[in-house]
Amino acid sequence: MLGRVLALDPGKRRIGLAVSDELGLTAQGLPTLIRKNRSHDFEALRRTIAERQVKLVIVGNPLHMSGESGSQSQAAVRLARSLAKYCDIKVELWDERLTTREATHVLRQSGMGIEKRKAVVDRLSATLILQSYLDYAAGDRPEASLEI
């Protein structure tokens, strides 16, 4: 893989962010984007993409456990399509079922207080999404991607 990958864990109020290293081996969390409005959010993402020299964006797709799409999944699809157009970049959806739950569990196990957990759960979720994508790209995981 050539170039960095940016992962988004979109929510209604925040977007968790994580970026890969240049070789696409490891994921590192970035500060969470606090959502304000569409133009603010997309401009902040555009700046991150340019500054980090991102070549691909992965958007977490919160499917139901059955694999069906719900309202949050539909919002993720709309975000992915709009971001691809706005930033002129390749965007893929990535099945992220249970990543927020897994992130919350990891943080709870670490003994971190609830207020601190709230502050970092989106970043950790984005990091888990990205690392699962990178593992898949390296041949270590089953496919869960959908190109936009």
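Structure report, in brief.

## Some remarks on the environment of leucine 23
Then, number 1: Along the chain, leucine 23 turns up in the loop between strand S2 (14-20) and strand S3 (27-34).
Then, number 2: Between the C-alpha atom of leucine 23 and that of leucine 134, which follows or precedes it by 111 residues, the distance is 9.9 Å.

## Observations concerning the pattern of salt bridges
Then, number 1: Counting across every chain of the model gives four salt bridges.
Then, number 2: Among the ionic pairs, arginine 46 bridges to glutamate 43, the shortest N-O distance being 2.4 Å. Of this pair, arginine 46 and glutamate 43 both sit in helix H1 (residues 38-52), three residues apart, which is roughly one turn of the helix.
Then, number 3: The class for arginine 46 is partly exposed, based on a relative accessible area of 33%.
Then, number 4: Looking at glutamate 43, the relative accessible area reads 24%, which means it is partly exposed.
Then, number 5: A salt bridge links glutamate 92 to lysine 90, with the shortest nitrogen-to-oxygen separation between them at 3.4 Å.
Then, number 6: Since its relative accessible area comes to 7%, glutamate 92 is described here as buried.
Then, number 7: Looking at lysine 90, the relative accessible area reads 42%, which means it is partly exposed.

Cut-offs applied
- Residues numbered from 1 in each chain as written.
- Predicted model: local features only at pLDDT ≥ 70, side-chain atom pairs only at ≥ 80, totals over all residues.
- Heavy atoms only, no water.
- Helix = DSSP H or I, 4+ residues; strand = E, 2+ residues; numbered from the N terminus.
- Salt bridge = Lys/Arg side-chain N within 4 Å of Asp/Glu carboxyl O.
- Buried < 20%, exposed > 50% of the residue type's maximum accessible area, 1.4 Å probe, protein only.

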